[in-house]
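# Reading the structure
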Amino acid sequence: MRVLRVRHQDKSFYASLLEDHVVCLDRSLSYDKPIPLSEIQLLPPVAPTKVVCAAVNYRSHAAEVGREVPDEPVLFLKPPSAVIPAGQPIVLPRASARVDYEAELAVVMGRPCRNVPPEKVAAHIFGYTCANDVTARDLQNKDGLYGRAKGFDTFAPIGPWIETEAPDPGNLAIRTLVNGEVRQEGDTSDMIFPVAELVSFISRVMTLQPGDVILTGTPPGIGPLAAGDEVRIEIAGVGVLINPVVAEEETAAGGLIQ
């Protein structure tokens, strides 16, 4: 099932996607009939308390950036304020001269998860979706840390839906296209720490709540984005995430707009 989070007539709710309409999954709202797609606003598929990310989790990407394969997952966080849905622009901040795309399989938690062994992780996962771990690469290199480089508003596009019946997450083709040109192409079988092992490791550090998102790393081929680009993340059996790219601009009053 493909689960969306949408807004309709000032109400926000989860819905299942069926061809050209959605069906509300919240019975308390008394939506008895299907709602055409033309009448809804697409929201991020989840509203997480945190977005937990794995750095350098593909063997071929580790080789690409000259990093050794880690013996444990390397984790960092993105703030919930970075999350945007499919279709909303990625904003290139004025503070950065190079902002990169990073296609990633995202895991959406469905049950609280703390100290869960790998063999029991599947029961705690709600589904999978596409994500783009947008990164200010120059700031990452300057800071030597991930917080600023990964944390700007709009730097976590996620969606467009949650696929609850995805095939084996350890064997999914994943790629990035920018303006129709393939820039990244890989497979989740190249992960150093597969989904179950990664989620289990994170659950031994922090409690994962329903709706929390885990980004599982990116394949090789990372590269820069420019204003006017369209970036497309494709994951076989999961979905397609598309976002335009715009530059941050200053208002006359000195504030910033998108």
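Before any of the text, the structure's been laid out above.
The next point concerns the sheet that holds strand β15 (residues 173–178). With mixed pairing, five strands are arranged side by side in an open sheet as β9-β20-β19-β15-β16. Each of the sheet's edge strands pairs with one partner strand only, and the pair in question is β9 (90–92) and β16 (181–187). Across the sheet, the axes of successive neighbouring strands diverge by a mean angle of 20°, strand direction being ignored. Here strand β19 (residues 230–235) runs beside strand β20 (residues 239–247); their pairing, made up of six bridges, is antiparallel. Considered in β20, the bridge of I235 is made with G239.

This brings us to the sheet that holds strand β18 (residues 223–224). One open sheet holds the three strands; their spatial order is β13-β10-β18, and the pairing between them is antiparallel. In the strand order of this sheet, the two ends are held by β13 (135–136) and β18, each with one partner.

What follows deals with the environment of L42. Structurally, L42 is set in strand β5 (residues 41–42). Put simply, L42 and S12 are 30 residues apart on the chain and 9.6 Å apart in space, counted from C-alpha to C-alpha.

Enumeration according to the criterion identifies 12 salt bridges in this entry. Salt-bridge contacts for E102 lead to R137; the nearest nitrogen and oxygen are separated by 2.6 Å. Separated by 35 residues along the polypeptide, E102 in the loop between β10 (99–101) and β11 (103–109) and R137 in helix α2 (residues 137–143) bring together distant segments of the chain. By relative accessible area, R137 is classed as buried at 12%. The salt bridge involving K150 is made with E102; its shortest N-O contact spans 3.4 Å. Here K150, found in helix α3 (residues 147–151), pairs with E102, found in the loop between β10 and β11; they are 48 residues apart in sequence, far enough to count as distant. Both residues of the pair, K150 and E102, count as buried. Overlapping salt bridges, with partners in common, bring together K78, R98, D100, E102, D133, R137 and K150 in one network.

Here the largest pocket defines a volume of roughly 190 Å³. No other element matches α2, which puts three residues into the lining of the largest pocket. Residue composition of the lining of the largest pocket, by class: seven nonpolar, six polar and six charged.

About the cut-offs
Residues numbered from 1 in each chain as written. Predicted model: local features only at pLDDT ≥ 70, side-chain atom pairs only at ≥ 80, totals over all residues. Heavy atoms only, no water. Pairing = 2+ DSSP bridges. Helix = DSSP H or I, 4+ residues; strand = E, 2+ residues; numbered from the N terminus. Axes fitted to C-alpha atoms, helices over the stretch in contact; angles between N-to-C directions. Salt bridge = Lys/Arg side-chain N within 4 Å of Asp/Glu carboxyl O. Buried < 20%, exposed > 50% of the residue type's maximum accessible area, 1.4 Å probe, protein only. 1 Å grid on protein atoms, 1.4 Å probe; cavity = no way out; pocket = protein on both sides within 12 Å on 5 of 7 lines; lining within 4 Å. Points joined across faces, edges and corners; volume = space filled by probe spheres on them. Nonpolar A, V, L, I, M, F, W, Y, C, P; charged D, E, K, R; others polar.

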